Amino acid sequence: MSLIDKFGRVHDSLRISVTDRCNIRCFYCMPEEGVQFTERAEILSFEEIERFVRAAAPLGVTKLRLTGGEPLVRKDLAKLVARLVAIPGIRDLALTTNAVLLDKHAQELYDAGLRRLNIHLDTLDRERFRQITRRDDLPRVMAGIDEAVRVGFTRIKFNVVAVKNLIEPDIVPMARFCRERGFEPRFIEFMPLDSQLLWGRKKVLTADEMIAMISEEIGPLEAVPDADPRAPATEYRYVDGGGQVGFIASVSKPFCLNCNRIRLTSDGKLRYCLFAIDETDVKGLLRANASDEEIQAVIRRNVSEKWLGHEINSAKFVPPPRPMYAIGG
Ligand code: SAM
Ligand code: SF4
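In short, a report on the structure. Everything numeric here is computed off the predicted structure, so don't read it as measured data.

**Considerations on the site of ligand 1**
Logical step 1: If you check the shell around ligand 1, you find 18 residues, and the closest are G69, T96, H120, N159 and M191.
Logical step 2: One nitrogen or oxygen atom from the main chain of Y28 is found 3.2 Å from a nitrogen atom belonging to ligand 1.
Logical step 3: Between an oxygen atom of ligand 1 and a side-chain N or O atom of H120, the distance comes to 2.7 Å.
Logical step 4: Burial of ligand 1 by the protein amounts to 96% of the accessible area it has alone, namely 540 Å².
Logical step 5: Elements supplying a minimum of two residues to the shell around ligand 1: β3 (92-97), β5 (157-162) and β6 (184-189).

**Regarding the pattern of salt bridges**
Logical step 1: On inspection of all chains with the given rule, the structure shows 24 salt bridges.
Logical step 2: The partner of K79 in a salt bridge is D76, with the nearest N and O atoms 3.6 Å apart.
Logical step 3: K79 sits in the exposed class, given a relative accessible area of 52%.
Logical step 4: Looking at D76, the relative accessible area reads 34%, which means it is partly exposed.
Logical step 5: R181 is the partner of D146 in a salt bridge, and the nearest nitrogen-oxygen pair spans 3.1 Å. In this pair, D146 sits in helix α5 (residues 138-151) while R181 sits in helix α6 (residues 168-181), placing the two residues 35 residues apart along the sequence.
Logical step 6: It is possible to trace a salt-bridge network through shared partners that takes in E47, E50, R54 and R83.

**Digging into the pairing of strand β10 (residues 261-264)**
Both faces of the sheet carry side chains from a regular strand, because those side chains alternate between them.
Logical step 1: Residue alternation in β10 divides its side chains into two sets, R261 and R263 and I262 and L264, and both sets are buried.
Logical step 2: In this structure, strand β1 (residues 13-17) lies alongside β10, joined through four bridges in parallel fashion. Bridge assignment links R15 to a residue of β10, and that residue is R263.
Logical step 3: Pairing of β10 with strand β11 (residues 269-271), which is carried by two bridges, proceeds in the antiparallel orientation.

Conventions we followed
- Residues numbered from 1 in each chain as written.
- Chains lettered and ligands numbered in written order.
- Predicted model: local features only at pLDDT ≥ 70, side-chain atom pairs only at ≥ 80, totals over all residues.
- Heavy atoms only, no water.
- Near = heavy atom within 4 Å.
- Polar contact = N/O pair within 3.5 Å; in protein donor to acceptor, adjacent residues only side chain to side chain.
- Areas by Shrake-Rupley, 256 points an atom, 1.4 Å probe, with all protein chains shown as cover.
- Helix = DSSP H or I, 4+ residues; strand = E, 2+ residues; numbered from the N terminus.
- Salt bridge = Lys/Arg side-chain N within 4 Å of Asp/Glu carboxyl O.
- Buried < 20%, exposed > 50% of the residue type's maximum accessible area, 1.4 Å probe, protein only.
- Pairing = 2+ DSSP bridges.

Shown next as structure tokens:
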């Protein structure tokens, strides 16, 4: 019953975008003036998301990640968390957030059953944070981190987007901050998913460059043996035992051959890749009270159409028709 594509990849992970809205404006994701967000009526309800996951779980989907836009701007997100963790077969639920609203919601999310958090934070410097996100919210993010730790979240991961000629001064401070506080940073190579087409190959700070910077300034890193080959991050650890560091080298070392993920957008489209051009509508099915079998057939068809991988590094590469915030990162 597993979801296996024509290249033999097993799909057990579903990323669910709960909104395309966001309360900040990271320049590599959204334009400063904002965008035309999807109408409320077009966004999947919690009931519809739950219904979809209940149909997907028997196909071997065991891991979920809630994302967006900014998932915490969606009202009552903890209620969705509680519904999803209760679904038979779901073993793992994670949330990716910019943490601006985390101080308000950490407790209820934890109480609802959430245990895994990825916090997106590129810098610890208030002025640089303001430049990158066009909002002066670093103090709220830091309060959110403290609150998450206080309520019991452990092994929090931090997403840092690696844009060359910009983020270099933040790499070592972010790595140090995580090392000191027992968090794991994940440095993500800048990808061509911004709405303003700012991306270029030369604007990517590569994993190898960052490994060299961290090894030199903090201490030597070594690849983690037996790391999960299907995880998007390549895991390293400090030789002195001071923790782990992940690198998502989507551009310099694409990991498509190990991809185990499908994605559901907030407006109910199923995508087999972040960079996919085509997507399959499932909202229509959910709103027409389709049976589990009908939903499952659509999921299977989408996975069967999955390509071998994105071709960011090829001249043929075409950026996806929607930016990251509208797909769900
Ligand atoms: N708002 C949440 C956040 O920022 O974490 C969840 C959605 S955001 C689209 C998911 C992740 O995408 C972010 O954590 C950030 O690391 C990553 N991201 C956004 N734009 C990117 C880009 N152009 N290249 C690489 N990663 C990007
Ligand atoms: Fe918002 Fe996340 Fe995009 Fe930043 S990366 S603008 S926090 S959705």
